[in-house]
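One letter stands for each residue in the lines below.
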Amino acid sequence: MRVLLTLLKIVAISAPLTWLWIEWGRDAYGDLFFNLAMPIYGLLGLTDVVPEGARDRFINYLPFLILMLITPDMSWRRRLSGIAIGFGVIFCVHLIFVYVASSATITGGRRMTTHGFMRIVPANALSDSIPLLLWVLFAKDFVWQSVGKVFATPTDASKSD
């Protein structure tokens, strides 16, 4: 029953957030990212970065937010500060990802070279894994407790009951 309630909670939170992201958030964040990122790239002397085509990768805010919202026994202070810090880190990862994606194609952005492909795959992996890595960092107590339960021996389990 507890597992079913957890699954219902995940669906109740993730379905509307995903809908909001697809209908409104993706375009709004794309515009916000462009307006914030271009001056940052300019300050770094990266004037040839073109943040196109990476917008679909930006959805990784959602799994992080959902994990932070559904994690049990986390204080609201830790939850909210974790979300704020995590969003900042995710934005920085997006900056790196867009730079790598932009530099992975040959001039004109038409084709990706083998070297470019070898650069973009690790960038994709980092971008896709960062929500889980950040969640593990902020929900470490819950994660360690859960891992302990999974790997507990039968004698350990009987001691805790």
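Below is a short write-up of the structure. (Residues numbered from 1 in each chain as written. Predicted model: local features only at pLDDT ≥ 70, side-chain atom pairs only at ≥ 80, totals over all residues. Heavy atoms only, no water.)

So, the overall build of the chain
On a plain count of helices and strands, the chain comes out with six helices and zero strands. When the helices and strands of the chain are placed in sequence order, the string is α-α-α-α-α-α. For the chain, with 161 residues in total, the buried portion stands at 29%. Long-range contacts, defined here as pairs at least 24 residues apart, represent 71% of the contacts in the chain between residues at least 6 apart. Accessible area for the chain stands at about 10700 Å²; split by element, carbon and sulfur atoms hold 68% of it. (Helix = DSSP H or I, 4+ residues; strand = E, 2+ residues; numbered from the N terminus. Buried < 20%, exposed > 50% of the residue type's maximum accessible area, 1.4 Å probe, protein only. Contact = heavy atoms within 4.5 Å. Areas by Shrake-Rupley, 256 points an atom, 1.4 Å probe, with all protein chains shown as cover.)

Thoughts on the packing of aromatic side chains
For the structure shown, the criterion picks out 10 aromatic pairs. Between the aromatic rings of phenylalanine 33 and phenylalanine 58, the centroid separation amounts to 4.8 Å while the plane-to-plane angle is 45°, which identifies the pairing as tilted. Of this pair, phenylalanine 33 sits in helix H1 (residues 2-43) while phenylalanine 58 is found in the loop between H1 and helix H2 (61-70), placing the two residues 25 residues apart along the sequence. Residue class for phenylalanine 33 comes out buried when judged on its relative accessible area of 1%. Within the aromatic cluster, the residues linked to one another by ring pairs are Trp21, Tyr29, Phe33, Phe58, Tyr61, Phe64, Phe87, Phe91 and Phe138. When the ring centre of tryptophan 76 is taken as reference, the NZ or CZ atom of arginine 79 above it lies at 4.7 Å. (Phe/Tyr/Trp six-rings, centres within 6.5 Å; stacked < 30°, edge-to-face > 60°. Lys NZ or Arg CZ within 6 Å of the ring centre and 35° of its normal.)

A look at the side chain of arginine 79
Note on placement: arginine 79 falls in helix H3 (residues 76-103). One buried charged side chain, arginine 79, makes no salt bridge at all; its nearest oppositely charged neighbour is aspartate 73, positioned 7.5 Å away. Polar side-chain contacts of arginine 79 include one of 2.5 Å to the backbone oxygen of methionine 68. In contact with arginine 79, other than residues within four places in its own chain, are Met68, Leu69, Ile70, Thr71 and Met74. (Lys, Arg positive; Asp, Glu negative; His and termini not counted. Salt bridge = Lys/Arg side-chain N within 4 Å of Asp/Glu carboxyl O. Polar contact = N/O pair within 3.5 Å; in protein donor to acceptor, adjacent residues only side chain to side chain.)

Looking at the environment of glycine 82
By secondary structure assignment, the location of glycine 82 is in helix H3. You can call glycine 82 buried: its relative accessible area is 0%. With 17 residues separating them in the primary sequence, glycine 82 and leucine 65 have C-alpha atoms 9.5 Å apart.

Focus on helix H4 (residues 114-138)
For H4, built from 25 residues, the straight-helix expectation of 36 Å at 1.5 Å per residue is met to within 8% by its first-to-last C-alpha distance of 37 Å. Roughly 45° is the biggest bend found in H4, and it falls at isoleucine 130, with proline proline 131 one to four residues downstream. Taken as a whole, H4 has its buried residues at Gly116, Ile120, Ala123, Ser127, Ile130, Pro131, Leu134, Trp135 and Phe138. In this structure, the buried side of H4 is in contact with H2, H3 and helix H5 (140-150). (Expected span 1.5 Å × (residues − 1). Bend = angle between axes of the 7 residues up to and from the residue.)

Some remarks on the packing of H2 against H4
Interaxial distance between H2 and H4 falls to 8 Å at its minimum, and their mutual angle equals 25°. If you check the angle between H2 and H4, you find them roughly parallel. Once H2 is placed against H4, the crossing between them reads as right-handed. Residues Pro63, Phe64, Leu67 and Met68 of H2 form the contact with H4, whose participating residues are Pro131, Leu132, Leu134, Trp135 and Phe138. Tallied by class, residues from the contact of H2 with H4 come to nine nonpolar, no polar and no charged. (Axes fitted to C-alpha atoms, helices over the stretch in contact; angles between N-to-C directions. Parallel < 35°, antiparallel > 145°, perpendicular 65-115°, else oblique. Left-handed = near helix turned anticlockwise from the far one by under 90°. Nonpolar A, V, L, I, M, F, W, Y, C, P; charged D, E, K, R; others polar.)

Concerning the nonpolar core
Counting 32 residues, the largest nonpolar core has Tyr29, Phe33, Tyr41, Phe64, Met68 and Val98 as its most contacted members. For this core, the secondary-structure elements that each account for two or more residues are H1, H2, H3 and H4. Looking at this core, the element that brings in the most residues is H3, giving eight residues. Other than its neighbours up to four places away in sequence, tyrosine 29 contacts Trp21, Phe58, Tyr61, Phe91 and His94. (Core = buried A, V, L, I, M, F, W, Y, C linked by side-chain atoms within 4.5 Å.)

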